[in-house]
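Chain by chain, the residues:
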Amino acid sequence: MSGEIVNRVAKSSLITMDLTDYAPTKPIAVLDLKDFLFQGIVLKEKEYRQSLKEFDFSIYKNATVALNCSSDAIVPMWAFMLVTSYLNSVNSDIHFGVKEAVFQQIFTNNINAIEASEFESKKVIVKGCGQIPLTEALYIAITKKLQNKVSSLMFGEACSAVPVLKNK
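What you see is a predicted model; the values in this text were computed from it and never measured.

**Student:** Looking at this structure, how should I read the overall build of the protein?
**Tutor:** Along the protein, the regular secondary structure elements total five helices and seven strands. Start at the N end of the protein and walk to the C end: the helices and strands fall as α-β-β-α-β-α-β-α-β-α-β-β. Expressed as lengths along the three principal axes of its C-alpha atoms, the size of the protein is roughly 80 × 35 × 25 Å. Out of the 168 residues belonging to the protein, those deemed buried represent 36%. Sequence-distant contacts, at least 24 apart, represent 78% of the contacts inside the protein between residues at least 6 apart.

Laid out in structure tokens, this is it:
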């Protein structure tokens with residue numbers, strides 16, 4: 001065997017997509033309604049409204065906020081609406097859920113915002129490993145996004161890709 005070593009992967013028309021490139025980059029702050037409830041478990045309207053009025057929402061200015069209630073309290077929908085109105089006044093990006101769920105929701109939204117036409121009739125490999133743990137929902141989202149655009153979709157690395165679909 002003689003000759004130059006050729007990187008056939010680099011010369012191929014394969015596009016390797018790393019989903020971690022679409023991960024949220026902004027930190028996610030948490031706002032737990034439990035902190036505004038009487039003894040952390042009961043919503044008393046007058047006290048709730050007063051505590052929200054006195055709270056400094058400027059700490060959430062231009063932030064991504066995961067809004068939730070970690071206690072088993074029964075919290076009426078208007079309570080979430082009210083705190084959302086305060087967060088909106090400081091330009092927060094508000095999502096309902098715990099921090100991890102909000103991260104995944106934003107991540108999925110970022111994937112859904114991909115311009116799929118960039119991948120028209122291309123061979124795409126979606127990487128299976130990355131810096132961030134990826135959920136099944138993210139792989140489902142990218143498959144749905146690209147399925148009708150790409151010529152083929154694979155999972156893994158170029159050296160050991162698993163074929164997912166091939167379009168004619």
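**Student:** What is the right way to read the sheet that holds strand E2 (residues 28-32) from this model?
**Tutor:** Each strand in a sheet pairs with another by means of backbone hydrogen bonds, the pair being arranged parallel or else antiparallel. Strand order across the open sheet formed by three strands is E2-E3-E4, with parallel pairing between neighbours. Looking at strand neighbours, the two that pair on one side only are E2 and strand E4 (93-96), the edges of this open sheet. Neighbour-to-neighbour, the strand axes of the sheet open up by a mean angle of 30 degrees, direction not taken into account. Contacts from helix H3 (residues 77-88) reach E2, strand E3 (64-68) and E4, with the element oriented near 165 degrees to E3.

**Student:** Got a minute to help me understand the pattern of salt bridges in this structure?
**Tutor:** Side chains that carry opposite charge are capable of pairing whenever their charged atoms lie near each other. Under the definition given, this model contains three salt bridges. Among the salt bridges present, the one from Lys 149 reaches Glu 120, with a minimum N-O distance of 3.7 Å. Of the two residues, Lys 149 is situated in the loop between helix H5 (136-146) and strand E6 (152-155) and Glu 120 in the loop between helix H4 (99-112) and strand E5 (123-126); the sequence distance between them amounts to 29 residues.

**Student:** What exactly am I supposed to notice about the packing of helix H2 (residues 45-54) against H3 here?
**Tutor:** Packed helices, taken two at a time, are described by the angle between their axes plus the distance between the axes. Relative orientation of the contacting elements H2 and H3 amounts to 15 degrees, with a least axis distance of 11 Å. Classed by the angle they form, the pair H2 and H3 counts as roughly parallel. Helix-helix and strand crossings are classified by hand; for H2 and H3 the assignment is right-handed. Of the residues in H3, those touching H2 at Glu 45, Tyr 48, Arg 49, Leu 52 and Lys 53 are Trp 78, Ala 79, Phe 80, Leu 82, Val 83 and Tyr 86. Among the residues making up the contact of H2 with H3, the classes are represented as eight nonpolar, no polar and three charged.

**Student:** What is the right way to look at unusual backbone geometry in this model?
**Tutor:** If a residue is not glycine, its phi is most likely negative; likewise, a peptide bond is most likely trans. Non-glycine residue Asn 91 carries a positive phi angle of around 60 degrees. Inspection of the secondary structure assignment puts Asn 91 in the loop between H3 and E4. Backbone geometry places Ser 121, a non-glycine residue, at a positive phi of 60 degrees. Along the chain, Ser 121 falls in the loop between H4 and E5. With relative accessibility at 54%, the residue Ser 121 sits in the exposed group.

**Student:** Any chance you could explain the environment of Val 83 here in plain terms?
**Tutor:** As for its position among the elements, Val 83 is in helix H3. What makes Val 83 buried here is its relative accessible area of 0%. In this structure the C-alpha to C-alpha distance between Val 83 and Glu 120, which are 37 residues apart in sequence, comes to 43 Å.

**Student:** Looking at this structure, how should I read the sheet that holds E6?
**Tutor:** The four strands are arranged E1-E5-E6-E7 in an open sheet whose pairing can be described as mixed. What marks the edges here is a single partner per strand, and that holds for strand E1 (14-17) and strand E7 (162-166). Each neighbouring strand pair of the sheet contributes to a mean axis angle of 25 degrees, computed without reference to strand direction. Sheet analysis places E5 next to E6, joined by four bridges and oriented parallel. Within E6, the residue paired with Val 124 across the bridge is Leu 153.

Here is what the cut-offs are and how they apply
Residues numbered from 1 in each chain as written. Predicted model: local features only at pLDDT ≥ 70, side-chain atom pairs only at ≥ 80, totals over all residues. Heavy atoms only, no water. Helix = DSSP H or I, 4+ residues; strand = E, 2+ residues; numbered from the N terminus. Buried < 20%, exposed > 50% of the residue type's maximum accessible area, 1.4 Å probe, protein only. Contact = heavy atoms within 4.5 Å. Pairing = 2+ DSSP bridges. Axes fitted to C-alpha atoms, helices over the stretch in contact; angles between N-to-C directions. Salt bridge = Lys/Arg side-chain N within 4 Å of Asp/Glu carboxyl O. Parallel < 35°, antiparallel > 145°, perpendicular 65-115°, else oblique. Left-handed = near helix turned anticlockwise from the far one by under 90°. Nonpolar A, V, L, I, M, F, W, Y, C, P; charged D, E, K, R; others polar.

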